[in-house]
Amino acid sequence: MYKAVTKDVEVSVETFYQETASNPELGKYVFAYRIVIENHSEFTIKLLSRHWYIIDSNGQLSEVKGEGVIGQQPVIEPDQKHEYVSGCELQSELGKMHGTYLMERQGDGTKFEVEIPEFVMIAPYRLN
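To keep things clear, this report deals only with the structure shown in the data block.

Rules of the game
- Residues numbered from 1 in each chain as written.
- Predicted model: local features only at pLDDT ≥ 70, side-chain atom pairs only at ≥ 80, totals over all residues.
- Heavy atoms only, no water.
- Helix = DSSP H or I, 4+ residues; strand = E, 2+ residues; numbered from the N terminus.
- Phe/Tyr/Trp six-rings, centres within 6.5 Å; stacked < 30°, edge-to-face > 60°.
- Buried < 20%, exposed > 50% of the residue type's maximum accessible area, 1.4 Å probe, protein only.

Details of unusual backbone geometry
Item 1. One non-glycine residue with positive phi stands out, namely Lys-7, at about 50°.
Item 2. Locating Lys-7 in the fold gives a position in the loop between strand S1 (2–6) and strand S2 (9–17).
Item 3. Even without a glycine there, the phi angle at Ile-70 is positive, about 40°.
Item 4. Note on placement: Ile-70 falls in the loop between strand S5 (61–67) and strand S6 (75–76).

Section: the packing of aromatic side chains
Item 1. Applying the stated criterion to the full structure yields six aromatic pairs.
Item 2. Ring plane angle 45° and centroid distance 6.3 Å describe the contact between Tyr-2 and Phe-119, whose orientation is recorded as tilted. With a gap of 117 residues between them, Tyr-2 in strand S1 and Phe-119 in strand S9 (residues 111–122) connect regions that are remote in the sequence.
Item 3. Classification of Tyr-2 by relative accessible area gives partly exposed; the value is 29%.
Item 4. With relative accessibility at 0%, the residue Phe-119 sits in the buried group.
Item 5. Relative to Phe-31, the ring of Tyr-17 lies with its centre 5.2 Å away and its plane at 55°, an arrangement referred to as tilted. Taken as a pair, Tyr-17 in strand S2 and Phe-31 in strand S3 (residues 29–39) lie far apart in primary sequence, 14 residues in all.
Item 6. Residue classification places Phe-31 among the buried positions, given a relative accessible area of 1%.

In structure tokens form, the structure reads like this:
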């Protein structure tokens, strides 16, 4: 599991290779990842947007920006968490992702970025 803490907000990531959705003969490698965002601050926060960098072992770099996560802009109370699962498709059996979330403190409207730790996605057969 990969973790990063920024301004008392902890982001944890766990990855999963999706063998049945992948097709290595066509250069299609599908991965899922579970993200847990824990608010250890004294403020209620809202996730406004995400900014991802996705890199596969062929050197292909993709950048993804957008509102919220999986169609939501979750509000996370102090000492609460938000969890979601999403995924990506790579053109190689090995890749990595990292990025940031733009958060807003509810009450005073202060905006701040939270680090999404760099994490690796690897097809299990590459580990042998």
